[in-house]
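Structure at a glance
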Amino acid sequence: KETVNQVRRALGNVILNDNQFSALISFTYNVGIGQLRTSTLFHCIFMGHLEDAAKEFLRWNKVDGVVCSDLTKRRDKEQALFLTPPTVTPPVMTG
């Protein structure tokens, strides 16, 4: 719940659909609110460039500069959820 509230405060008046917001919550839970606030992903959302924001998820798949397959899978799912229209059943976020 803390992550949800942090993201809501950070977004201010920015409106996202439920899937976009859920993807952002998953991302922020993993990287932290500080990383979200300084990210290009967040900047793109604020500018209303949501397609560009979606591309940014995939840049966050490294640990100490090395690509991590588990993070790549997570970011793929977050990106897919972010891009899923709210009237479509979203992909399941597991593992």
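Details of the structure are given in the entry above.
Structural notes, computed from the coordinates. (Residues numbered from 1 in each chain as written. Predicted model: local features only at pLDDT ≥ 70, side-chain atom pairs only at ≥ 80, totals over all residues. Heavy atoms only, no water.)

**Some thoughts on the packing of helix H2 (residues 18-31) against helix H6 (residues 69-83)**
- Where H2 contacts H6, the two axes come as close as 7 Å, and the packing angle between them is 155°. The angle between H2 and H6 places the two elements in the roughly antiparallel class. Read as a crossing pair, H2 and H6 show a hand that is left-handed. Contacts between H2 and H6 involve Asn19, Gln20, Ser22, Ala23, Ser26, Phe27, Tyr29, Asn30 and Val31 on the former and, on the latter, Leu71, Arg74, Arg75, Glu78, Leu81 and Phe82.
- The class makeup of the residues in the contact of H2 with H6 is seven nonpolar, five polar and three charged. (Axes fitted to C-alpha atoms, helices over the stretch in contact; angles between N-to-C directions. Helix = DSSP H or I, 4+ residues; strand = E, 2+ residues; numbered from the N terminus. Parallel < 35°, antiparallel > 145°, perpendicular 65-115°, else oblique. Left-handed = near helix turned anticlockwise from the far one by under 90°. Contact = heavy atoms within 4.5 Å. Nonpolar A, V, L, I, M, F, W, Y, C, P; charged D, E, K, R; others polar.)

**What about the pattern of salt bridges?**
- Tallied over the entire structure, the rule returns four salt bridges.
- A salt bridge links Asp52 to Lys55; the shortest N-O distance between them is 3.9 Å. Of the two residues, Asp52 and Lys55 are both situated in helix H5 (residues 50-56); the distance of three residues between them amounts to about one turn of the helix.
- Its relative accessible area of 36% is what places Asp52 among the partly exposed residues.
- Residue class for Lys55 comes out exposed when judged on its relative accessible area of 53%. (Salt bridge = Lys/Arg side-chain N within 4 Å of Asp/Glu carboxyl O. Buried < 20%, exposed > 50% of the residue type's maximum accessible area, 1.4 Å probe, protein only.)

**Notes on the packing of aromatic side chains**
- As enumerated under the stated definition, the model contains four aromatic pairs in all.
- Centroid distance Phe27 to Trp60: 5.3 Å. Interplanar angle 90°. Geometry classified as edge-to-face. Of this pair, Phe27 sits in helix H2 while Trp60 sits in the loop between H5 and strand E1 (62-63), and the two are 33 residues apart along the sequence.
- Among the aromatic residues, ring-to-ring pairing joins Phe27, Phe57, Trp60 and Phe82 into one connected group. (Phe/Tyr/Trp six-rings, centres within 6.5 Å; stacked < 30°, edge-to-face > 60°.)

Worth remembering: the numbers are spatial, not functional.
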